[in-house]
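# A structural walkthrough
This is what each chain is made of:
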Amino acid sequence: EKIREKTNEIIAFSEILRGIQEGQVWFSKQYLEEMLGNLKALAPVLKLPKKYFSEFSDLHAPYTTILQFAENPDQVRENTNRKFISRELEAYKDYFDQVEKYPLTTAQREAIVTHEHNTRVIAGAGSGKTSVIVAKAGYLLKKGFYTPDQILLLAFNRAAADEMQERIEKSLDVD
């Protein structure tokens, strides 16, 4: 009876997981925590012996999907994000090649397409931090995730801030 009551929730949760695992979206740490919270709500049913699920043929695949996620959610997140990065690097190759004076490196491109809720760029002098920041802002605008007034970029000194603003205005044609 418990399984029957949770059938729709189990199916819906597994469909969300399958969608995430396709790598169409970035699987953030925050979203992982949310998914783990949802998994806890289903745990009492999912912990029932597997034999009880045998009579629910529509739950075989969803049950397996959820159990695989539950076994190692961090690995699922890592695999999903690897797929996402690969897709985005290909989709935005031309942009990354042309957004700044020189094409961006692979490491710079990967830093741009990752989507945690905050991004901190730390690197040595002359390594391309400003290029990453400019390109990330442009990428976020191109994806439609934000408008210019929703993005805050900070620099440690006035000269760096002025340079960043000039490059953004030149490369992205926004203030």
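An account of the accompanying structure is given in this report.

Cut-offs applied
- Residues numbered from 1 in each chain as written.
- Predicted model: local features only at pLDDT ≥ 70, side-chain atom pairs only at ≥ 80, totals over all residues.
- Heavy atoms only, no water.
- Helix = DSSP H or I, 4+ residues; strand = E, 2+ residues; numbered from the N terminus.
- Rg over C-alpha atoms; globule rule 2.2 N^0.38 Å.
- Contact = heavy atoms within 4.5 Å.
- Lys, Arg positive; Asp, Glu negative; His and termini not counted.
- Charge placed at Lys NZ, Arg CZ, Asp CG, Glu CD.
- Axes fitted to C-alpha atoms, helices over the stretch in contact; angles between N-to-C directions.
- Parallel < 35°, antiparallel > 145°, perpendicular 65-115°, else oblique.
- Left-handed = near helix turned anticlockwise from the far one by under 90°.
- Nonpolar A, V, L, I, M, F, W, Y, C, P; charged D, E, K, R; others polar.
- Expected span 1.5 Å × (residues − 1).
- Buried < 20%, exposed > 50% of the residue type's maximum accessible area, 1.4 Å probe, protein only.
- Core = buried A, V, L, I, M, F, W, Y, C linked by side-chain atoms within 4.5 Å.

Our next topic: the overall build of the chain. Each helix and strand in the chain was counted, giving eight helices and zero strands. Traced from its N-terminal end to its C-terminal end, the chain shows the element sequence α-α-α-α-α-α-α-α. Computed over the C-alpha atoms, the radius of gyration of the chain is 21 Å, more than 25% above the 16 Å expected from 2.2 N^0.38 for a compact globule of 175 residues. With the C-alpha coordinates of the chain rotated into their principal frame, the extents come out at 65 × 30 × 25 Å. Taking the contacts inside the chain whose residues are at least 6 apart along the sequence as the reference set, 68% of them involve residues at least 24 apart. For the chain, the distance from the average position of its 24 positive side-chain charges to the average position of its 26 negative side-chain charges is 5 Å.

Let's shift gears to the packing of helix 1 (residues 2-21) against helix 2 (residues 29-46). Put simply, helix 1 and helix 2 touch, their axes get as near as 10 Å, and they point 155 degrees apart. When the axis of helix 1 is compared with that of helix 2, the two are roughly antiparallel. Our pair here, helix 1 against helix 2, has a crossing hand that is left-handed. Residues K2, I3, K6, E9, I10, F13, I16, L17 and I20 of helix 1 lie in contact with helix 2, whose contacting residues are Y31, M35, N38, L39, A41, L42, V45 and L46. Each residue belonging to the contact of helix 1 with helix 2 can be placed in one class, and the counts come to 13 nonpolar, one polar and three charged.

Along its 19 residues, helix 4 (residues 73-91) runs 27 Å from first to last C-alpha, staying within 8% of the 27 Å computed at 1.5 Å per residue. By the burial criterion, the buried members of helix 4 are P73, V76, R77, T80, N81, F84, I85, E88 and L89. Next to the buried residues of helix 4 lie helix 1, helix 2, helix 3 (60-71), helix 5 (93-98), helix 6 (106-113) and helix 7 (129-143).

Glancing now at unusual backbone geometry. In most cases, non-glycine residues show a negative phi, while peptide bonds are predominantly trans. The phi torsion at D173 lies on the positive side, around 60 degrees, for a residue other than glycine. By secondary structure assignment, the location of D173 is in the segment after helix 8 (158-172). Overall, the relative accessible area of 68% leaves D173 in the exposed class.

Here the focus is the nonpolar core. Ranked by size, the top nonpolar core spans 21 residues in total, and within it Y95, F96, I112, V113, Y139 and L172 carry the most contacts. Secondary structure elements with two or more residues in this core: helix 4, helix 5, helix 6, helix 7 and helix 8. Of all the elements, helix 7 adds the most residues to this core, at seven residues. Setting aside residues up to four positions removed in sequence, F96 forms contacts with E88, L89, P103, L104, R109, I112, V113 and Y139. Counting residues in hydrophobic clusters, the runner-up holds 19 residues, among them I3, V45, L59 and Y63.

Before going further, it helps to examine the packing of helix 6 against helix 7. Between helix 6 and helix 7, the shortest axis-to-axis distance is 9 Å and the interhelical angle comes to 40 degrees. In terms of orientation, helix 6 lies oblique with respect to helix 7. Pair helix 6 / helix 7 crosses with right-handed handedness. Touching Q108, A111, I112 and V113 of helix 6 are S131, V132, A135, K136 and Y139, all from helix 7. Across the contact of helix 6 with helix 7, the residue classes tally to six nonpolar, two polar and one charged.

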